[in-house]
Amino acid sequence: MSEPRTMTIEALEARVEAILRRAGLNPVQAGAVMRVIVAGERDACKSHGIYRLEGVLRTVKAGKVDPGAVPVVLPGDGSAITRVDARRGFAGPAFEAGLPVLVERTRALGLAALVINDCTHFSALWPDVEALAGHGLASLALCPSYSAVAPAGGIAALLGTNPLAFGWPRTQAPPYVFDFATSVAARGEIELRRRAGETLPEGWAIDGDGQPTTDPQTALAGAMLPFGGHKGSAISTMIELLAGVMIGDLTSPEVLAELGSTSLSPMHGELVVAFSPERFAGARRGDPLARAEILFDAILGQGARLPSQRRFAAREVSQTSGIALSAAETALLDRLLAEGLDAVG
Ligand code: NDP
Ligand code: PYC
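Residues numbered from 1 in each chain as written. Chains lettered and ligands numbered in written order. Predicted model: local features only at pLDDT ≥ 70, side-chain atom pairs only at ≥ 80, totals over all residues. Heavy atoms only, no water.

(A) Just the side chain of S123, in detail. With respect to the secondary-structure elements, S123 resides in the loop between β4 (111–120) and α5 (126–133). Apart from residues lying up to four places away in sequence, S123 is in contact with V36 and H48. (Helix = DSSP H or I, 4+ residues; strand = E, 2+ residues; numbered from the N terminus. Contact = heavy atoms within 4.5 Å.)

Here's what the structure looks like:
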């Protein structure tokens, strides 16, 4: 019988990496996948924390991702675009491989883009924009997923939950970062509520006949709704175009057709665009980072909070007191380590 347990970040990293290595991931894949999963758990982003391990293992077992892949940064064509071939591995290793080149190109040109192709992508996008903010750069990251969301006015799953993240560097504080699904909530939130036996808030999903539902199982079989009605629907469609069609990779309907299931992690591409705030501002109106602080102060001055503030507070708690795991979460880690790929269907 497993018990609730509090683990240090380092101990959880070691445990998750061991699970991934046991499942056959090479050191490059296991290291990068471990980092995004533990970052999610550390920052209390449960929808992309350790619960995702089962999906990772299922996808490996189904042969839909190459656990031995080593991503390749392709030779540049003289443009601002750097392309990484993930070689059918996970997105994290491909991002880590492309990051130094993206930073160097953005500093040189003021604006540069990273295209990742043929990656399996189950993760949150804030680690990517946070990494760029750590280099003093603003950035946008976006990707499709698989058909799960009805377009506004529609009745069936077509668009993905298509996340969009933005990061802005700050010198005296953690970066300004937002990262959200373009559905009302991430699909992972629905799955976690299903497991917990909870109902969904109104307005999250519709059933197979297009009628509203608050039942997670019915929602997963039906369709989720875009956030903000037609506005979220349009942003989600833009992501299909920019981070699917435009980068020569799969759109969410194409991913679902290839994968044949929403129980596996989707394979597609990712687009990251990075900006040098100083280069864009030129010599006009002073230091852009200092001017941004005036805006952040005004937001906070009204009693509002900045996006990621909850997450950074959770990170501090994890750093000082460790990461508290429930008995079920501890049991999951124990089972995945003991049984490897046999633990998943
Ligand atoms: P949330 O709605 O929980 O949060 C979205 C953003 O809004 C966060 O930056 C959050 O900051 C911020 N926020 C929340 N409440 C407030 C508030 N009151 N004031 C100011 N800011 C606030 O996220 P989602 O459920 O939409 O998405 C969760 C994750 O799922 C994302 O990281 C996303 O990348 C991931 N995802 C990945 C997909 C993929 O295909 N790879 C697909 C879909 C989603 P904070 O964290 O501090 O609360
Ligand atoms: O939570 O919507 C989601 C999601 C889809 C793929 C990875 N995360």
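This is not the end of the story, as more comes after the structure.
(B) Molecular detail of the packing of aromatic side chains. Going through the model one piece at a time under the given rule, you end up with 7 aromatic pairs. An angle of 65° between the planes, with centres 6.2 Å apart, marks the rings of F166 and Y176 as edge-to-face. Linking F166 in strand β6 (residues 164–168) with Y176 in strand β7 (residues 176–180), this pair joins segments that are 10 residues apart in sequence. Centre to centre, the rings of F180 and F227 are 5.3 Å apart; their planes meet at 70°, and the pair counts as edge-to-face. Here F180, found in strand β7, pairs with F227, found in the loop between β10 (223–224) and α8 (230–245); they are 47 residues apart in sequence, far enough to count as distant. Here a set of aromatic residues connected by ring pairs shows up, and it is made of F166, Y176, F178, F180, F227 and F296. Geometry around W126 places R311 over its ring, the cationic atom sitting 3.8 Å from the centre. In this arrangement the basic side chain of R311 is found over the ring face of F312, its NZ or CZ atom lying 4.9 Å from the centre. (Phe/Tyr/Trp six-rings, centres within 6.5 Å; stacked < 30°, edge-to-face > 60°. Lys NZ or Arg CZ within 6 Å of the ring centre and 35° of its normal.)

(C) Seen up close, the nonpolar core. Counting 29 residues, the largest nonpolar core has L12, V16, L20, I37 and L53 as its most contacted members. Of all the secondary-structure elements, those providing two or more residues to this core are α1 (9–22), α2 (27–42), α3 (53–61), β12 (323–325) and α13 (327–339). Once you skip the residues sitting within four places of it in the chain, L53 turns out to touch V16, I19, L20, I37, L333 and L336. Counting 26 residues, the second largest nonpolar core, distinct from the first, contains L132, L137, V177 and A274. (Core = buried A, V, L, I, M, F, W, Y, C linked by side-chain atoms within 4.5 Å. Buried < 20%, exposed > 50% of the residue type's maximum accessible area, 1.4 Å probe, protein only.)

(D) Region of interest: the domain arrangement of the protein. By domain assignment, the protein separates into domain 1 (1–61 + 308–345) and domain 2 (71–183 + 226–307). Inter-centroid distance (C-alpha atoms) of domain 1 to domain 2 is 23 Å. Counting residues at the interface gives 26 residues for domain 1 and 24 residues for domain 2. Around 1,900 Å² of area is buried between domain 1 and domain 2 when both sides are counted, 63% of it from carbon and sulfur atoms. In this assembly, domain 1 and domain 2 are joined by 3 salt bridges. Its salt-bridge partner being E130, residue R311 comes within 2.9 Å of it at the nearest N-O pair. At the junction of domain 1 with domain 2, the criterion picks out 10 residue pairs in polar contact (both at pLDDT 80 or more). Mapped by element, the contributors of at least two residues to the side of domain 1 that touches domain 2 are α2, α3 and α12 (309–321). Ranked by residues supplied to the side of domain 1 that touches domain 2, first place goes to α2 with 10 residues. (Domains from an automatic or database assignment. Buried area = accessible area lost by both parts, 1.4 Å probe. Salt bridge = Lys/Arg side-chain N within 4 Å of Asp/Glu carboxyl O. Polar contact = N/O pair within 3.5 Å; in protein donor to acceptor, adjacent residues only side chain to side chain.)

(E) Region of the structure containing the site of ligand 1. Looking at ligand 1, there are 22 residues lining it, with H48, S123, D179, A181 and R310 nearest. Residue H121 places a side-chain N or O atom 3.3 Å away from a nitrogen atom belonging to ligand 1. Between A181 and ligand 1, the recorded distance is 2.8 Å, taken from a backbone N or O atom to an oxygen atom. When the free accessible area of ligand 1 is taken as 920 Å², the share hidden by the protein chains comes to 75%. Sorting the residues of the shell around ligand 1 by element identifies β7 and α12 as the ones contributing at least two each. Of the residues that constitute the shell around ligand 1, the class distribution is 11 nonpolar, 7 polar and 4 charged. For the shell around ligand 1, the two domains that each supply at least three residues are domain 1 (1–61 + 308–345) and domain 2 (71–183 + 226–307). (Near = heavy atom within 4 Å. Areas by Shrake-Rupley, 256 points an atom, 1.4 Å probe, with all protein chains shown as cover. Nonpolar A, V, L, I, M, F, W, Y, C, P; charged D, E, K, R; others polar.)

(F) Local environment of the sheet that holds strand β5 (residues 138–142). The strand order across the open sheet built from 7 strands is β2-β3-β4-β11-β5-β6-β7, with neighbouring strands paired in mixed fashion. Among the strands making up the open sheet, the edge pair consists of β2 (72–73) and β7. Pairing geometry for strand β3 (residues 81–85) and β4, over 5 bridges, is parallel. Paired with R83 across the bridge in β4 is V115. (Pairing = 2+ DSSP bridges.)

(G) Highlighting the site of ligand 2. Neighbouring ligand 2 are H48, R52, F122, S145, T161, A186, R187 and G188. Separating an oxygen atom of ligand 2 from a side-chain N or O atom of R52 is a distance of 2.9 Å. The separation between an oxygen atom of ligand 2 and a polar main-chain atom of G188 is 3.0 Å. Contact with the protein chains covers 93% of the free accessible surface of ligand 2, which is 250 Å².

(H) Focus on the sheet that holds β10. Judged by pairing direction, the sheet is antiparallel, and its 3 strands sit side by side in the order β9-β8-β10 without closing on themselves. Two strands bound the open sheet, and with one partner strand each, they are β9 (212–213) and β10. Here strand β8 (residues 205–206) pairs with β10 via 2 bridges, running antiparallel. Among the inter-strand pairings, A205 is bridged to a residue of β10, identified as M224.

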